[in-house]
Amino acid sequence: MNGNDKDGRDPRLVQLLNAVRGRRKPLIQTHNNPDPDALGSAVGMQALYKRYLNAEARIVFGGIVGRAENRAMLRLLRIEIVPAHKVDYDSCDLLTLVDAQPGMGHAPLPEGRVPEVVIDHHPPRQKPAGTLYWDVGRPLGATCTIVALLFLRNRIPLDTKVATALLYGIKSDTHDLGEGATPDDVEAFRELLVHADNSTLSRIENARVPPPYFAVFRRAIANALVYDFACVSHLGKIDNPDMVAEMADFLLRCEDLRWTMVTGIYNKTLHLSVRSSDPNAHAGGVARLAVGVMGAAGGHGRMSGGQIPLGKADKKTRLQVISAVTDSFLDAVKAKRTLSHALVAGTLPDETDTSVEFP
Ligand SMILES: [Mn+2]
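None of these values were measured; they are calculated from a predicted model. (Residues numbered from 1 in each chain as written. Predicted model: local features only at pLDDT ≥ 70, side-chain atom pairs only at ≥ 80, totals over all residues. Heavy atoms only, no water.)

For the rest of this paragraph, the subject is the overall build of the protein chain. From N to C terminus, the protein chain includes 11 helices and 13 strands. Over its C-alpha atoms, taken along the principal directions, the protein chain stretches across nearly 70 × 40 × 35 Å. Among the 359 residues that make up the protein chain, the fraction classed as buried is 53%. If you take every contact in the protein chain between residues at least 6 apart in sequence, the share linking residues at least 24 apart comes to 64%. Only carbon and sulfur atoms are counted for the fraction: they give 50% of the accessible area of the protein chain, which is about 17000 Å². Across the protein chain, the mean location of the 42 positive side-chain charges is 4 Å away from that of the 41 negative side-chain charges. (Helix = DSSP H or I, 4+ residues; strand = E, 2+ residues; numbered from the N terminus. Buried < 20%, exposed > 50% of the residue type's maximum accessible area, 1.4 Å probe, protein only. Contact = heavy atoms within 4.5 Å. Areas by Shrake-Rupley, 256 points an atom, 1.4 Å probe, with all protein chains shown as cover. Lys, Arg positive; Asp, Glu negative; His and termini not counted. Charge placed at Lys NZ, Arg CZ, Asp CG, Glu CD.)

Structure (structure tokens):
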């Protein structure tokens, strides 16, 4: 193959192997509340470290895996992940960060700990001095594509578990290649399809959900207010932070809407998710404006999210934060606040309605 060395290895793999040579105790860290792209790329890196270092890398995460599909992915593919608070980072001699970069709010690392390897498809930040392998900022639809190409371009055998995990990561992050997919994503997708277990993939994508899941839909609809072409819905307390993204996607299916923002409170943090139907949108910038100095936000294109720590804020303060976020969001997307109505007539709860679990 072009540009490969005498062993047939492409320059990226050579560089990665030089960076990790001799390491015995690898950890692979995802961002908080890992999504399929983070989990898939972690599984791929775990297999590479097994092959080249003969070491069992542990996959470490923060937050929770809440979404039914993501839980099914872990269960059906037998992916083991360890909560970050149970991990001794000092005994790890190779820290790999996937689908995130050092300094991102949703990917906290122990103070002063620099990952030796960083692999991510989000817009690049500053490379830390101690990072030895930095594959960041290529305009790809998924981090799983970066990892898959390490296998494919070097003819490394792909087992079913790894192929299925990587494939689902690409499917999920690119919405079945319909969203931000590049020729590299398509190439990886097609190759992975040959090795993946499609019936397992289907069971993951159609994972069954518990009854309370539907209550969140009811709340998202009941609390949805439309301002001009933008819709905002506050879910109040949620038991799974991924629901804000799922509901923001769900509401955006309304043909009248160009923007949605959904918020929810999980673990003393206001989580928010912003979506746009406009292919030229800058949702990351909108989320950053919505959050302002109160928290952290990030994203790309039509999807973004953010978190605001609420600490011990009382109900009044929480409502003020939510109202400030709503105002900043509507200003950022230039929606006219005067043109407001309930998304579904008659569903808007009044403030004394205790059936709506508002913060
Ligand atoms: Mn990703």
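Coordination of the manganese ion by the protein is provided by D37 (OD), D99 (OD), H121 (NE2) and D173 (OD), with metal-donor distances spanning 2.1 to 2.3 Å. Counting along the primary sequence, the residues that act as donors to the manganese ion give the motif D-x61-D-x21-H-x51-D. Of this pair, H121 sits in the loop between β5 (117–120) and β6 (133–136) while D173 sits in helix α5 (residues 160–173), and the two are 52 residues apart along the sequence. A residue is classified by how much of its surface remains accessible, and H121, at 7% relative accessible area, is buried. (Donors = N, O, S within 2.8 Å, 3.2 Å for Na, K, Ca; no water.)

Residues L16, M45, Y49 and L166 are the most contacted members of the largest nonpolar core, which totals 53 residues. If you tally residues by element for this core, the top one is helix α4 (residues 143–152), at eight residues. Of all hydrophobic cores here, the second largest spans 27 residues; its members include M261, V274, V325 and V333. (Core = buried A, V, L, I, M, F, W, Y, C linked by side-chain atoms within 4.5 Å.)

Per-residue pLDDT for the protein chain averages 93, and the proportion of residues at 70 or more is 96%. Note that pLDDT drops below 50 for residues 350–357; the model gives that stretch seven contacts with residues more than four away or on any other chain. (pLDDT = per-residue confidence, 0-100.)

Right, let's get into the pattern of salt bridges. The final tally for this structure, using the stated rule, is 15 salt bridges. The partner of K6 in a salt bridge is D7, and the shortest N-O contact between them spans 3.8 Å. R153 is the salt-bridge partner of D184, the closest N and O atoms lying 3.2 Å from each other. Taken together, the positions of D184 in helix α6 (residues 183–195) and R153 in the loop between α4 and α5 put the pair 31 residues apart, joining distant regions of the chain. We classify D184 as partly exposed; its relative accessible area is 24%. Among the residues examined, R153 registers a relative accessible area of 27% and is labelled partly exposed. (Salt bridge = Lys/Arg side-chain N within 4 Å of Asp/Glu carboxyl O.)

The next point concerns helix α9 (residues 243–252). Burial analysis of α9 places eight of its 10 residues in the buried class, which makes it a mostly covered element. Listed in full, the buried residues belonging to α9 are M243, V244, A245, E246, M247, A248, L251 and L252. In this structure, the buried residues of α9 make contact with α8 (212–222), β8 (230–237), β9 (259–266) and β10 (269–276).

To continue, consider the packing of helix α10 (residues 283–291) against helix α11 (residues 315–333). At their nearest, the axes of α10 and α11 sit 7 Å apart, and the two run at 145° to each other. Like other packed secondary-structure pairs, α10 and α11 cross with a definite hand, here right-handed. On α11, the residues that touch V286, L289 and A290 of α10 are V325, S328, F329, A332 and V333. In terms of residue class, the contact of α10 with α11 is built from seven nonpolar, one polar and no charged. (Axes fitted to C-alpha atoms, helices over the stretch in contact; angles between N-to-C directions. Left-handed = near helix turned anticlockwise from the far one by under 90°. Nonpolar A, V, L, I, M, F, W, Y, C, P; charged D, E, K, R; others polar.)

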